[in-house]
Amino acid sequence: KSILILGAGASYDFSHLRNTGGQHISPLTNELFEAPYVRPDLLQKYPEAGTLASALYEKVRNQSKSFEDALLQYQNGATEGSDRLKNIEALRHYLQEYFATVSGKGRSYPINNFRALVDKINTYSPEITVVSFNYDYLFEEACTSQKWGQMTDYIAGKIKVIKPHGSANWVY
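These numbers come from a predicted model, not from an experiment.

Draft legend 1. Quick peek at the side chain of Arg39. You can see Arg39 is positioned in the loop between strand E1 (2-6) and helix H1 (40-45). Taking the relative accessible area as the measure of exposure, Arg39 reaches 19% and is therefore buried.

Draft legend 2. Quick look at the nonpolar core. Of all hydrophobic cores here, the largest spans 44 residues; its most connected members are Phe67, Leu91, Tyr94, Tyr98, Phe139 and Ile159. When residues of this core are traced back to their parent elements, those giving at least two are H1, helix H2 (47-61), helix H3 (67-76), helix H4 (83-106), helix H5 (113-124), strand E2 (128-132), helix H6 (138-142) and strand E3 (159-162). Of all the elements, H4 adds the most residues to this core, at 8 residues. Discounting chain neighbours no more than four positions away, the residues touching Ile159 are Val118, Ile121, Asn122, Ile128, Val130, Phe139, Cys143, Gln146, Trp148 and Tyr154.

Draft legend 3. Empty space enclosed by the protein, seen in detail. Following the criterion strictly, the structure yields 2 cavities of 30 Å³ or more and no others. Counted as a void, the largest cavity has a volume near 60 Å³. Together, Thr29, Asn30, Glu31, Leu32, Phe33, Glu34, Leu56, Tyr57, Val60 and Phe67 line the largest cavity. The dominant element in the lining of the largest cavity, judged by the number of residues it contributes, is H2, at 3 residues. A breakdown of the residues in the lining of the largest cavity according to their chemical character gives 6 nonpolar, 2 polar and 2 charged.

Draft legend 4. Quick look at the packing of H3 against H4. H4 packs onto H3 with a crossing angle of 145° between their chain directions and a minimal axis gap of 10 Å. Listed contacts from H4 to Phe67, Leu71, Gln73, Tyr74 and Gln75 of H3 are Arg84, Asn87, Ile88 and Leu91. When its residues are assigned to classes, the contact of H3 with H4 shows 5 nonpolar, 3 polar and 1 charged.

Draft legend 5. Broad picture of the pairing of E2. Burial within E2 is extensive, with 4 of its 5 residues counted as buried. Where E1 meets E2, 5 bridges bridge the pair, whose relative direction is parallel. Residue Ile3 lies in a different strand from E2, and its bridge partner there is Thr129. Relative to E3, E2 runs parallel, the two sharing 4 bridges.

Draft legend 6. Geometry of the pattern of salt bridges. All told, the structure shown has 7 salt bridges when counted by the stated rule. For Glu97, the salt bridge identified is with Lys45, shortest N-O distance 2.8 Å. With Glu97 in helix H4 and Lys45 in helix H1, this residue pair connects regions lying 52 residues apart in the sequence. Look at Glu97 and you get partly exposed, because its relative accessible area is 21%. A salt bridge links Glu140 to Lys163; the shortest N-O distance between them is 3.0 Å. With Glu140 in helix H6 and Lys163 in the segment after E3, this residue pair connects regions lying 23 residues apart in the sequence.

About the criteria used
Residues numbered from 1 in each chain as written. Predicted model: local features only at pLDDT ≥ 70, side-chain atom pairs only at ≥ 80, totals over all residues. Heavy atoms only, no water. Helix = DSSP H or I, 4+ residues; strand = E, 2+ residues; numbered from the N terminus. Buried < 20%, exposed > 50% of the residue type's maximum accessible area, 1.4 Å probe, protein only. Core = buried A, V, L, I, M, F, W, Y, C linked by side-chain atoms within 4.5 Å. Contact = heavy atoms within 4.5 Å. 1 Å grid on protein atoms, 1.4 Å probe; cavity = no way out; pocket = protein on both sides within 12 Å on 5 of 7 lines; lining within 4 Å. Points joined across faces, edges and corners; volume = space filled by probe spheres on them. Nonpolar A, V, L, I, M, F, W, Y, C, P; charged D, E, K, R; others polar. Axes fitted to C-alpha atoms, helices over the stretch in contact; angles between N-to-C directions. Pairing = 2+ DSSP bridges. Salt bridge = Lys/Arg side-chain N within 4 Å of Asp/Glu carboxyl O.

Here it is as C-alpha coordinates:
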(Lines give C-alpha, C1' and ligand atoms only; values in the text may rest on other atoms or scores of the structure.)
Protein backbone atom coordinates (compact mmCIF):
# COMPACT_ATOMS: atom_id res chain seq x y z
CA LYS A 1 0.00 0.00 0.00
CA SER A 2 1.16 3.49 -0.81
CA ILE A 3 0.25 7.01 0.20
CA LEU A 4 0.41 10.11 -1.98
CA ILE A 5 -0.02 13.65 -0.69
CA LEU A 6 -1.35 16.35 -3.00
CA GLY A 7 -0.47 19.62 -1.32
CA ALA A 8 -2.56 22.73 -1.46
CA GLY A 9 -1.79 24.20 -4.85
CA ALA A 10 -1.48 20.90 -6.71
CA SER A 11 -4.40 21.98 -8.89
CA TYR A 12 -2.59 25.19 -9.83
CA ASP A 13 -0.54 23.27 -12.40
CA PHE A 14 -3.42 20.98 -13.27
CA SER A 15 -2.74 21.36 -16.99
CA HIS A 16 -0.23 23.05 -19.23
CA LEU A 17 -3.23 24.21 -21.24
CA ARG A 18 -4.64 27.54 -20.14
CA ASN A 19 -7.96 29.18 -20.87
CA THR A 20 -8.13 32.11 -23.28
CA GLY A 21 -6.86 34.53 -20.63
CA GLY A 22 -3.71 32.47 -20.16
CA GLN A 23 -4.21 31.91 -16.43
CA HIS A 24 -4.12 28.69 -14.51
CA ILE A 25 -7.44 26.92 -14.08
CA SER A 26 -7.24 27.22 -10.29
CA PRO A 27 -5.59 30.01 -8.30
CA LEU A 28 -3.27 29.70 -5.37
CA THR A 29 -5.02 30.71 -2.15
CA ASN A 30 -3.44 34.16 -2.02
CA GLU A 31 -4.72 34.82 -5.56
CA LEU A 32 -8.40 34.03 -4.85
CA PHE A 33 -9.46 37.67 -5.05
CA GLU A 34 -7.06 38.79 -7.76
CA ALA A 35 -8.08 39.34 -11.35
CA PRO A 36 -8.74 37.15 -13.32
CA TYR A 37 -9.77 34.66 -10.62
CA VAL A 38 -12.29 36.67 -8.63
CA ARG A 39 -15.91 35.86 -9.50
CA PRO A 40 -18.05 39.04 -9.44
CA ASP A 41 -21.19 37.01 -10.16
CA LEU A 42 -20.69 34.98 -6.99
CA LEU A 43 -19.81 38.08 -4.98
CA GLN A 44 -23.12 39.58 -6.06
CA LYS A 45 -24.85 36.40 -4.95
CA TYR A 46 -22.97 36.45 -1.61
CA PRO A 47 -22.30 40.16 -0.92
CA GLU A 48 -21.06 39.46 2.61
CA ALA A 49 -18.26 37.39 1.05
CA GLY A 50 -17.23 40.54 -0.79
CA THR A 51 -17.15 42.43 2.49
CA LEU A 52 -14.82 39.81 3.96
CA ALA A 53 -12.71 39.64 0.79
CA SER A 54 -12.27 43.40 0.95
CA ALA A 55 -11.15 43.17 4.57
CA LEU A 56 -8.61 40.45 3.77
CA TYR A 57 -7.41 41.67 0.40
CA GLU A 58 -4.96 44.34 1.53
CA LYS A 59 -3.33 42.11 4.13
CA VAL A 60 -2.85 39.36 1.58
CA ARG A 61 -1.90 41.66 -1.29
CA ASN A 62 0.78 43.41 0.73
CA GLN A 63 2.04 39.97 1.79
CA SER A 64 1.81 40.92 5.43
CA LYS A 65 -0.29 37.78 5.97
CA SER A 66 -1.26 34.64 4.12
CA PHE A 67 -4.93 34.27 3.22
CA GLU A 68 -5.35 31.62 5.90
CA ASP A 69 -3.68 33.74 8.60
CA ALA A 70 -5.71 36.83 7.69
CA LEU A 71 -8.93 34.79 7.71
CA LEU A 72 -8.08 33.23 11.07
CA GLN A 73 -7.40 36.66 12.57
CA TYR A 74 -10.72 37.91 11.19
CA GLN A 75 -12.54 34.84 12.51
CA ASN A 76 -10.97 35.21 15.96
CA GLY A 77 -12.42 38.73 16.11
CA ALA A 78 -15.95 37.48 15.42
CA THR A 79 -18.51 37.37 18.20
CA GLU A 80 -21.82 35.55 18.29
CA GLY A 81 -24.41 37.37 16.21
CA SER A 82 -21.83 39.66 14.61
CA ASP A 83 -21.65 40.59 10.93
CA ARG A 84 -18.28 38.87 10.82
CA LEU A 85 -19.92 35.48 11.30
CA LYS A 86 -22.32 36.23 8.42
CA ASN A 87 -19.37 37.27 6.27
CA ILE A 88 -17.49 34.05 7.07
CA GLU A 89 -20.54 31.93 6.25
CA ALA A 90 -21.00 33.80 2.96
CA LEU A 91 -17.35 33.18 2.11
CA ARG A 92 -17.87 29.44 2.70
CA HIS A 93 -20.71 29.42 0.16
CA TYR A 94 -18.72 31.56 -2.29
CA LEU A 95 -15.74 29.18 -2.11
CA GLN A 96 -17.91 26.08 -2.38
CA GLU A 97 -19.46 27.32 -5.62
CA TYR A 98 -16.16 28.73 -6.82
CA PHE A 99 -14.28 25.42 -6.52
CA ALA A 100 -17.22 23.47 -7.93
CA THR A 101 -16.93 25.71 -11.01
CA VAL A 102 -13.16 25.17 -11.18
CA SER A 103 -13.73 21.42 -11.00
CA GLY A 104 -16.34 21.62 -13.76
CA LYS A 105 -13.90 23.53 -15.99
CA GLY A 106 -11.39 20.73 -15.49
CA ARG A 107 -13.56 18.43 -17.57
CA SER A 108 -12.72 20.52 -20.63
CA TYR A 109 -8.97 19.88 -20.17
CA PRO A 110 -8.50 16.35 -21.54
CA ILE A 111 -4.71 16.68 -21.24
CA ASN A 112 -3.82 17.23 -17.61
CA ASN A 113 -1.31 16.23 -14.97
CA PHE A 114 -3.83 14.41 -12.78
CA ARG A 115 -4.75 12.03 -15.60
CA ALA A 116 -1.05 11.25 -16.06
CA LEU A 117 -0.72 10.68 -12.32
CA VAL A 118 -3.75 8.36 -12.21
CA ASP A 119 -2.29 6.41 -15.15
CA LYS A 120 0.95 5.89 -13.19
CA ILE A 121 -1.01 4.88 -10.09
CA ASN A 122 -3.01 2.35 -12.10
CA THR A 123 0.20 0.98 -13.63
CA TYR A 124 2.42 0.76 -10.55
CA SER A 125 0.24 0.59 -7.46
CA PRO A 126 -2.36 -2.06 -6.59
CA GLU A 127 -3.90 0.22 -3.96
CA ILE A 128 -3.15 3.77 -2.85
CA THR A 129 -4.41 6.37 -0.44
CA VAL A 130 -4.29 9.93 -1.72
CA VAL A 131 -4.42 12.77 0.79
CA SER A 132 -5.52 15.93 -0.99
CA PHE A 133 -5.53 19.39 0.55
CA ASN A 134 -7.43 20.82 -2.43
CA TYR A 135 -11.08 21.86 -2.23
CA ASP A 136 -11.68 21.26 -5.92
CA TYR A 137 -12.27 17.76 -7.19
CA LEU A 138 -10.03 17.85 -10.24
CA PHE A 139 -8.10 14.79 -9.04
CA GLU A 140 -11.30 12.83 -8.55
CA GLU A 141 -12.46 13.77 -12.06
CA ALA A 142 -9.21 12.29 -13.40
CA CYS A 143 -10.03 8.93 -11.77
CA THR A 144 -12.44 8.01 -14.52
CA SER A 145 -12.84 4.38 -13.41
CA GLN A 146 -14.25 5.41 -10.00
CA LYS A 147 -17.49 7.15 -9.11
CA TRP A 148 -17.60 9.82 -6.39
CA GLY A 149 -21.31 10.24 -5.68
CA GLN A 150 -21.31 9.20 -2.01
CA MET A 151 -18.94 9.96 0.85
CA THR A 152 -18.16 6.25 1.16
CA ASP A 153 -16.90 6.24 -2.45
CA TYR A 154 -13.83 8.15 -1.25
CA ILE A 155 -12.60 5.14 0.71
CA ALA A 156 -14.11 2.29 -1.31
CA GLY A 157 -12.07 1.94 -4.50
CA LYS A 158 -8.52 1.13 -5.48
CA ILE A 159 -7.70 4.82 -5.08
CA LYS A 160 -8.84 6.03 -1.69
CA VAL A 161 -9.02 9.80 -1.26
CA ILE A 162 -8.83 11.62 2.06
CA LYS A 163 -9.55 15.36 2.03
CA PRO A 164 -8.86 16.86 5.49
CA HIS A 165 -10.05 20.32 4.39
CA GLY A 166 -13.20 19.03 2.72
CA SER A 167 -14.31 19.28 -0.87
CA ALA A 168 -16.45 21.62 -2.95
CA ASN A 169 -18.85 18.78 -3.70
CA TRP A 170 -19.42 17.88 -0.05
CA VAL A 171 -22.54 19.66 1.06
CA TYR A 172 -24.35 19.22 4.34
